[in-house]
Amino acid sequence: MKKTKLNIAIASAALVAAVATGTALAANGSSDGSGSTSGAEQTRAEQAEQKKPSAIKADGSNVFPHSLDFDARSNTFLAGSLKRGTVSAVSPDGKVRTLIDDPEMVSAQAVLVDRERDRILVSNVDYGTADRSRKNAPFRVAGVGSYDLESGKQDWCVDLTAVTLDGKQHLISDVTVAPDGTAYAVDELTPTVFRIDRNGRASVFLQNDLLKGTLDIPDFLNDVGMTAVEWVEGNQLIIAMADGSLVRVPVKHPEKAQEVKLSAPLGSPTAGMRLLKDGSIAAVSSGLLTGKPAQIQRVEPRDGWKKATVKVTDTVEDPVTSDVTAGPDGTTYALSGGLADLLAGKPNDGFSLTPVKTD
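The rules we used
- Residues numbered from 1 in each chain as written.
- Predicted model: local features only at pLDDT ≥ 70, side-chain atom pairs only at ≥ 80, totals over all residues.
- Heavy atoms only, no water.
- Helix = DSSP H or I, 4+ residues; strand = E, 2+ residues; numbered from the N terminus.
- Buried < 20%, exposed > 50% of the residue type's maximum accessible area, 1.4 Å probe, protein only.
- Contact = heavy atoms within 4.5 Å.
- Salt bridge = Lys/Arg side-chain N within 4 Å of Asp/Glu carboxyl O.
- Pairing = 2+ DSSP bridges.
- Core = buried A, V, L, I, M, F, W, Y, C linked by side-chain atoms within 4.5 Å.
- 1 Å grid on protein atoms, 1.4 Å probe; cavity = no way out; pocket = protein on both sides within 12 Å on 5 of 7 lines; lining within 4 Å.
- Points joined across faces, edges and corners; volume = space filled by probe spheres on them.
- Nonpolar A, V, L, I, M, F, W, Y, C, P; charged D, E, K, R; others polar.
- Phe/Tyr/Trp six-rings, centres within 6.5 Å; stacked < 30°, edge-to-face > 60°.

Participant: How should I be thinking about the overall build of the chain in this particular structure?
Facilitator: When helices and strands are counted, the chain shows three helices and 27 strands. For the chain, buried positions account for 52% of its 359 residues. Residue pairs in contact within the chain that sit at least 24 positions apart in sequence constitute 51% of those at least 6 positions apart.

This is the structure we're talking about:
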């Protein structure tokens, strides 16, 4: 039986400050002036500092986003709200405005910008902590909505519980889209992948024991499974499991799904992924269970994603970092949405985006 007690205890990560120091040689009458820093060197250093991406402190109080995406054309992040069920547009200076406010959306978890079709795909969930929640019946809402990228107007919103009719708890943790516009959504609490066409017609794409959850989050959820999904070259889905494994699903032959052979498992729980330009994946692994800084890991495929090499490229001090996305000028940002406060029933004054390295 799933646990729905929402007073999760999370250890605080120790903040470590690194201070760089250096020495300079004084000329002290030296005729060659070798101890001085040239103006050119100072200029290069200043330029490098100016190009370094800055952390973004978003001013959206009590939004509590779990995931986000970036629209390069408008230079705007789109972030879902677990608390309000809305989707907010976030500018690089941290200003937040509501773009989507759909009464059908209880909690907005996954957010995906589909610029090819000028829409935003959003997964509908219910942890029992949102303004629109059924407090005594969490995880009974599961759906995906499509919204106009400019106006935020709903195109459609499909109820995936009506597709399965299994009476089980569901949590649509992530959604991806193929080049033909077909969306694929993964369920964190059952081993089910849904297929949704461009008009919002949904069906079960795959149910497979490989996708069963095995990770327990004490006093919150048991048997947590699929947490993120990406469509990759070769017409395949790469699905991240909470336990740190990856599963490869050929879209034309989903029955041939198999676990990706990794050089090392991803950190657990794996929370979010971003497909990089070279076909690799950047993943963020939360420190939810350890209280340690979240890890950013690069997953480089081999043999058509049958195998992959994993390496840690960065960390984020906030343990409960839940997603990673593109940013302006080729950057990558990790999202810390204040989920610990949400689960503890505490308010907050905003959320943060931290620039991270992916290679």
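Participant: How do you make sense of the pattern of salt bridges when you look at a structure like this?
Facilitator: For the structure on display, the rule yields twelve salt bridges. Among the ionic pairs, Glu150 bridges to Arg115, the shortest N-O distance being 3.6 Å. Here Glu150 is found in the loop between β8 (143–148) and β9 (154–159), whereas its partner Arg115 is found in the loop between β6 (107–114) and β7 (119–125), with 35 residues between them in sequence. The exposed category is assigned to Glu150, whose relative accessible area is 57%. Residue classification places Arg115 among the buried positions, given a relative accessible area of 19%.

Participant: Would you explain the pairing of strand β17 (residues 236–241) in this entry?
Facilitator: Moving residue by residue along a regular strand, the side chains alternate between the two faces of the sheet. Along β17, six of the six residues are buried, which leaves the element largely enclosed by surrounding structure. Where strand β16 (residues 226–232) and β17 come together, six bridges link them in antiparallel fashion. The residue bridging Glu230 from the neighbouring strand is Ile238, located in β17. Here β16 hands over to β17 after three residues, with Gly234 in that stretch at a positive phi of 95°. The sheet contact formed by β17 and strand β18 (residues 246–250) spans five bridges and is antiparallel. The residue bridging Leu237 from the neighbouring strand is Val249, located in β18. Taking the residues between adjacent antiparallel strands as the criterion, β17 and β18 are bridged by four residues, where Gly244 takes a positive phi near 100°.

Participant: How should the nonpolar core be read in this particular structure?
Facilitator: Across soluble globular proteins, you tend to see nonpolar side chains buried next to one another. Within the largest apolar cluster, 33 residues are counted, with the highest numbers of intra-cluster contacts made by Val144, Leu160 and Ile172. Residues in contact with Ile172, not counting those within four places in the same chain, are Gln109, Ser123, Val125, Ala142, Gly143, Val144, Leu160, Ala185, Val186, Asp187 and Phe194. In this structure, Tyr184, Val186, Met226 and Val229 belong to the second largest nonpolar core, which totals 17 residues.

Participant: Looking at this structure, I do not really get the sheet that holds strand β21 (residues 270–275). What am I missing?
Facilitator: Within a sheet, neighbouring strands are paired by backbone hydrogen bonds and run either parallel or antiparallel to one another. Read from one edge of the open sheet, five strands run β20-β24-β23-β22-β21, paired in mixed fashion. Each edge of the open sheet carries a strand with a single partner, namely β20 (261–262) and β21.

Participant: Would you take a moment to explain empty space enclosed by the protein for this structure?
Facilitator: Empty space among the atoms becomes apparent when a probe as large as a water molecule is rolled across them. Under the counting rule described, the total for this entry stands at one cavity of 30 Å³ or more. Volume-wise, the largest cavity comes out at about 350 Å³. Along its surface, the largest cavity is lined by 25 residues, and His66, Tyr127, Ile217, Leu288 and Leu339 are the ones closest to its centre. Broken down by element, the lining of the largest cavity gets its largest block of residues, three residues, from helix α3 (residues 339–344). Each residue belonging to the lining of the largest cavity can be placed in one class, and the counts come to 17 nonpolar, seven polar and one charged.

Participant: Honestly, the packing of aromatic side chains in this entry has me stumped. Any pointers?
Facilitator: Note on aromatic pairs: each is described by the distance of the centres and the angle between the planes. The full count for this structure, using the stated rule, is six aromatic pairs. Look at Phe70 and Phe77: their rings are 4.9 Å apart centre to centre, the planes differ by 55°, and that puts the pair in the tilted class. We classify Phe70 as buried; its relative accessible area is 10%. Residue classification places Phe77 among the buried residues on the basis of a relative accessible area of 0%. Ring pairing ties together the aromatic residues Phe70, Phe77 and Tyr333, which thus form one cluster.

Participant: Any chance you could explain the pairing of strand β25 (residues 323–326) here in plain terms?
Facilitator: Alignment of β25 against strand β26 (residues 332–336), held across four bridges, turns out to be antiparallel. Across the sheet, the residue bridging to Val324 is Ala334, located in β26. Linking two consecutive strands that pair antiparallel, namely β25 and β26, is a turn of five residues; a positive phi of about 55° is found at Asp329 within it.

Participant: In this structure, what is going on with unusual backbone geometry? I would like to understand it.
Facilitator: Glycine aside, the phi torsion of most residues is negative, and most peptide linkages are trans. With omega at 0°, the peptide bond leading from Ser268 into Pro269 counts as cis. As for its position among the elements, Pro269 is in the loop between β20 and β21. A positive phi angle, close to 55°, is found at Phe64, a residue other than glycine. Along the polypeptide, Phe64 turns up in the loop between β1 (56–58) and β2 (68–71).

Read these as layout, nothing more, since geometry by itself doesn't imply function.
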